[in-house]
Amino acid sequence: MALPEPRTAWRGSVLQVRGLSVSFGPLAALQDVDLDVRPGEIVGIAGDNGAGKSTLLRCICGDLGDARGEVWLDGERVASRPPSDSRGRIGVVWQHLVLSDNLDAAANLMLGRERHRLLTSDARFHARAQAILDDLGISIADLTCPVWTLTTGQRQLLAIARSVSPRPRLLLLDEPTAALDRTESAHVERLLRRFHDEGTTTLLISHDVEQLFRLAGRIVVLRHGRVIAQVEPLHSHPDELLALMSGHDPSSAPRHQLSRLHGLADQLTAADRPASADGTAGLTLILSTLGAALGTGQLSLHLREGDALVGLGSVGLTPALETAWARLPLGDSPVPLVRALAGGVAAVEPDVAGNEPLRSWGRLLADAGVASWWAVPFSGGRGVTGVIGVYRPDIGSPSRDELDLVNLYAGYAAGTLERDRLLTELTARNKVLETIRSVLQTLAGPDALAVGLRTAVQTLREAVGADQVGLFGRVDGAQSSCRAFAGAPGAADPVGLSAVADRALAHGGGSGVAQILPDGQGGSHLLVRLPEAATDAVLVAGWRTRLVGADERVLFEDAAHSILLALERERAEAAHREASALRRSQEMQRQFLARLSHELRTPLTAIRGYASSLMQTDVTWDEASQRRFLGHISSESARLRRLVDDLLDFSMIESGMLRIRPDWVDLPLVIDAARSCLSREAADAIEICCGDGVPVVWGDHDRLEQVMMNLMDNAVRHNPPGTAVRVTVRPHTPDAVVVEVSDNGVGLEVDEEASGRGRRRPGSTSGAGLGLSITRGIVEAHRGHLRHEPLDAGTRFVVELPAEADVPAGEVSDV
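Predicted, not measured: the structure shown is a model, and the values here were computed from it.

Bringing the overall build of the protein into the picture now. A count of helices and strands for the protein gives 22 helices and 30 strands. Counting the 815 residues in the protein, one finds 46% classified as buried. Here the protein has roughly 40100 Å² of accessible surface; of this, 52% comes from carbon and sulfur atoms.

Structural data, given as structure tokens:
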């Protein structure tokens, strides 16, 4: 039975997903997914591979007919196949680009949005396409070129431009920057911020966690087809998102633990710890406040230490009294301070001068202006006991309210002393916490994981006081190996950590809970098996002469979880790098095969055309035409042969089997011979300049001639007619020669990552195939170097060759 369409329930959201579930056979891709996206919001979708991110996008687009649940767009339910009127409401950029290689860039951009007025004029059609790209800041020089000739970044930007022209109500992006370089990724992010400012609602899928935190206002985490969490970047950290994606508790993330430790420190310092070393500043503040409340300016505070009262602070007392009462023995004493502590109740002396037992203190008290004296005891936790003394210039006893007031401030004093005691104990504890924080900062930092693990393990050993700590791992059942180890200088695992780790790895399982293993000789081991790690891993610590404590066990477990997250982060980053490298490799292979097929097809087409013309039985060609046709067939056959030779040379270079037959070679003669192999028009455009004292070099004459011919041919053939080419050969050092081939044309853009392979600039007459790669391989086989130097107008290639290269005659050069 169909559910009613409660349109009023969808107000305030551009997109609502309710109870969405998708299964592919026994595999549940999505399970009861609920999602709300508000107008103008950028919502990130995060999750490992297979979490269901792309499936969710397909359901929102209506691309999956077997989905269960509901998808609503602006209050209208999205059918299993999107209606025609949804065009312009949803813009999609898929991870695997959907472009038509048989169309040019402009046709791909305007596909599905052609108007009759534009179709009747190519100029208006391409001008409209160029205006769209200019508005988005996307640079594609020639919109008439086939889309397969564009770079990966240009194709990606073209797909984004098509999805936002016109602006959609909802923009769906699946890994829009996965195959882009840093500059192109930054441009895409600027576009997304612009669309956000213009009110476009965006759903962004990305494995780049940092990118999600830069762009998204909210991140939805998918795991095994379920929404497990929603993260707000302003109140979270990438480490917590990685923990959620890996199925771990985000509270174990290094950043979260650092925040927790900082919060603990803030709580400990919130009470304004005394600035002085003995803690008397806080007590002095309490005494001063109490004196103001009582209307007296003389007070003291003593604390019991063993069999005496020791003065900790005073206000208004003379130096003589402070010195005399710095330490008062306990026992039978008339002093009210001692009497109050002994009796546990307030001791009052209303008239000091009239008290015979106090006559020995009479001079000091009189000089201080003390006429009456009373003391109130207090006690705190763990046996903290002391007494507050109040000294007045007039005779009399305190009132009940005054005694209660002193008792109240005595409680404050007891709390201050207890806090100081706790802070003293926590000072040692903070030392351990600081070391653990160092572990977390190291693992969450930018250093390589191997370096971070060694530092973290060493810090952990110092924190728990272990003799040795080691991290051991095993891959696919192989023998365990030590990934990080910390111990006494010169130690080589005498505690037997390797044996303990081997037994733990062989036993299997792994709950992440620390296990204590006494060794029966007064020592012990502590180990944590890391669960769900990319490899079997176990963290082990050893003590030679004592058993492990409870605090050490807790800290060890905490550090083990942090190390586990670091290992998971390493695995996720490695998988991301492998996927990116694979996509780049596939794109390079596709472009190479497309160019190769074009280069092969051109001469074959010409040969076939001229040959078929000559073979026609109903047409008689004159001798001049026959010679012309045969000449074209010969030149195209030579072109085809050169292409095949280039492929063979490139294959030999790639496999390291290029054979060099060295002899003493005169480079000026080699350059002249190379120029003579070119066409007359090309040779006339080349000027050769030889410096004085150019030495002969030890090399292969034919291969070096091939190098010079490739460079000169590229400089002439890949530039417009009339381009001037200059070849200069000169000594570089007594043992090296430099050859420079420069031109003033449009030149080539050289892709260094693709083994020096060239790429056409706008305005060049043709592209560079394998010539530069082969040239670089031959030069390097002669132990030389080939580099490209860009010029303001044109380009320059520099070949540097040693006079005597270490290339044995008749042997295969290692290239």
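Resuming the write-up.
The pairing of strands in a sheet comes from backbone hydrogen bonds and takes either a parallel or an antiparallel form. Pairing within the open sheet is antiparallel, and its six strands lie in the order S13-S12-S11-S16-S15-S14. Pairing within the sheet leaves two strands with one partner each, and these edge strands are strand S13 (327–329) and strand S14 (347–349). Within the sheet, the average angular offset between the axes of one strand and its neighbour, ignoring direction, is 25 degrees. Relative to strand S15 (residues 372–379), S14 is paired through three bridges, and the arrangement is antiparallel. Among the inter-strand pairings, glutamate 349 is bridged to a residue of S15, identified as tryptophan 373.

What follows is about the pairing of strand S12 (residues 308–315). One ladder, built from seven bridges, connects strand S11 (residues 298–305) with S12; its direction is antiparallel. The partner of leucine 301 across the bridge, within S12, is glycine 313. Between the end of S11 and the start of S12, which pair antiparallel, lie two residues, with glycine 306 showing a positive phi angle near 70 degrees. Alignment of S12 against S13, held across three bridges, turns out to be antiparallel. Bridge pairing in S13 links leucine 309 to leucine 328.

This next bit is on the packing of aromatic side chains. The geometry of two aromatic rings is summed up by the distance between their centres and the angle between their planes. By the definition in use, this model includes six aromatic pairs. Measuring from ring centre to ring centre gives 4.6 Å for tryptophan 325 and tryptophan 373, while their planes differ by 20 degrees; the resulting arrangement is stacked. With tryptophan 325 in the loop between helix H11 (319–324) and S13 and tryptophan 373 in strand S15, the pair connects residues that are 48 residues apart, well separated along the chain. Take tryptophan 325 and tryptophan 373: they sit in the same class, and that class is buried. A network of ring pairs unites the aromatic residues Trp325, Trp361, Trp373 and Tyr391 as a single cluster.

When the sulfur atoms of two cysteines share a covalent bond, that bond is a disulfide. What the rule picks out here adds up to zero disulfides. With no disulfide partner, cysteine 690 has as its closest neighbouring cysteine sulfur the one in cysteine 689, 7.7 Å distant. A relative accessible area of 40% places cysteine 690 in the partly exposed class.

As a further point, take the side chain of serine 21. Tracing the chain through its elements places serine 21 in strand S1 (residues 15–24). From its side chain, serine 21 meets the backbone nitrogen of aspartate 32 in a polar contact 2.9 Å long. Contact partners of serine 21, with chain neighbours within four places excluded, come to Leu30, Gln31, Asp32, Asp66, Ala67 and Arg68.

With that settled, the discussion passes to the environment of arginine 577. Counting through the fold element by element, arginine 577 comes out in helix H17 (residues 550–614). Note: C-alpha distance between arginine 577 and alanine 178 (399 residues apart in sequence) is 10.0 Å.

Moving on, we come to the pairing of strand S4 (residues 68–73). Put simply, side chains in a regular strand alternate between the two faces of the sheet. Where S1 meets S4, five bridges bridge the pair, whose relative direction is antiparallel. Across the sheet, arginine 18 pairs through a bridge with glutamate 70, a residue of S4. Linking S4 back to strand S5 (residues 76–77) in an antiparallel pair, the connection comprises two residues, with aspartate 74 at a positive phi of about 55 degrees.

Let's shift gears to helix H1 (residues 53–61). Of all the nine residues making up H1, seven are buried; the element is thus mostly covered by neighbouring parts of the structure. Within H1, burial applies to Lys53, Thr55, Leu56, Leu57, Cys59, Ile60 and Cys61. One or two residues past the end of H1 sits glycine 62, with phi positive at roughly 80 degrees.

With omega at 0 degrees, the peptide bond leading from serine 165 into proline 166 counts as cis. With respect to the helices and strands, proline 166 occurs in the loop between helix H5 (152–163) and strand S7 (170–174). Phi is positive for glutamate 175, which is not a glycine, with a value near 50 degrees. Following the sequence through the fold, glutamate 175 ends up in the loop between S7 and helix H6 (182–197). A positive phi angle is found at arginine 783, which is not glycine, with a value near 60 degrees. A relative accessible area of 39% means that arginine 783 is categorised as partly exposed.

With that settled, the discussion passes to the sheet that holds strand S30 (residues 795–802). Spatially, five strands are ordered S23-S25-S26-S30-S29 in an open sheet, and the strand pairing comes out mixed. The open sheet has two edge strands, strand S23 (686–690) and strand S29 (785–790), and neither has a second partner. Along the sheet, successive strands turn relative to each other by an average axial angle of 20 degrees, direction set aside. Where S29 meets S30, six bridges bridge the pair, whose relative direction is antiparallel. Bridge pairing in S30 places leucine 786 opposite valine 799. Seen against the sheet, helix H21 (residues 701–717) touches S23, strand S25 (725–733), strand S26 (736–743) and S30 and runs at an angle of roughly 20 degrees to S26.

Taken as a class, soluble globular proteins show a tendency for nonpolar side chains to be buried jointly. Grouped together as the largest cluster of nonpolar side chains are 45 residues, with contacts concentrated most on Leu133, Ile138, Leu158, Ile219 and Leu241. With near-sequence residues (within four places) excluded, leucine 158 lies in contact with Ala105, Asn108, Leu109, Leu133, Ile140, Val147 and Leu150. Counting 34 residues, the second-largest nonpolar core is a separate cluster that includes Ile686, Val707, Leu711 and Ala781.

If you want to describe how two helices pack, look at the angle between their axes and the distance between the axes. Look at H21 against helix H22 (residues 771–781): their axes get within 9 Å of each other, and the N-to-C directions meet at 145 degrees. Helix-helix and strand crossings are classified by hand; for H21 and H22 the assignment is left-handed. Where H21 approaches H22, its residues Arg703, Gln706, Val707, Asn710, Leu711 and Asn714 are matched on the opposing element by Gly771, Leu772, Ile774, Thr775, Ile778 and Val779. Residue composition of the contact of H21 with H22, by class: six nonpolar, five polar and one charged.

Time to look at the pattern of salt bridges. Counted under the stated rule, the structure contains 27 salt bridges. Glutamate 557 is paired through a salt bridge with arginine 553; the nearest N and O atoms lie 3.8 Å apart. Residue glutamate 557 and its partner arginine 553 are both found in helix H17; the two are separated by four residues, about one turn of the helix. Among the ionic pairs, glutamate 568 bridges to arginine 571, the shortest N-O distance being 2.9 Å. Placement of both glutamate 568 and arginine 571 in helix H17 is noted, with a separation of three residues, approximately one turn of the helix. By relative accessible area, arginine 571 is classed as partly exposed at 37%.

Scoring rules and cut-offs
Residues numbered from 1 in each chain as written. Predicted model: local features only at pLDDT ≥ 70, side-chain atom pairs only at ≥ 80, totals over all residues. Heavy atoms only, no water. Helix = DSSP H or I, 4+ residues; strand = E, 2+ residues; numbered from the N terminus. Buried < 20%, exposed > 50% of the residue type's maximum accessible area, 1.4 Å probe, protein only. Areas by Shrake-Rupley, 256 points an atom, 1.4 Å probe, with all protein chains shown as cover. Pairing = 2+ DSSP bridges. Axes fitted to C-alpha atoms, helices over the stretch in contact; angles between N-to-C directions. Phe/Tyr/Trp six-rings, centres within 6.5 Å; stacked < 30°, edge-to-face > 60°. Disulfide = S-S within 2.5 Å. Polar contact = N/O pair within 3.5 Å; in protein donor to acceptor, adjacent residues only side chain to side chain. Contact = heavy atoms within 4.5 Å. Core = buried A, V, L, I, M, F, W, Y, C linked by side-chain atoms within 4.5 Å. Left-handed = near helix turned anticlockwise from the far one by under 90°. Nonpolar A, V, L, I, M, F, W, Y, C, P; charged D, E, K, R; others polar. Salt bridge = Lys/Arg side-chain N within 4 Å of Asp/Glu carboxyl O.

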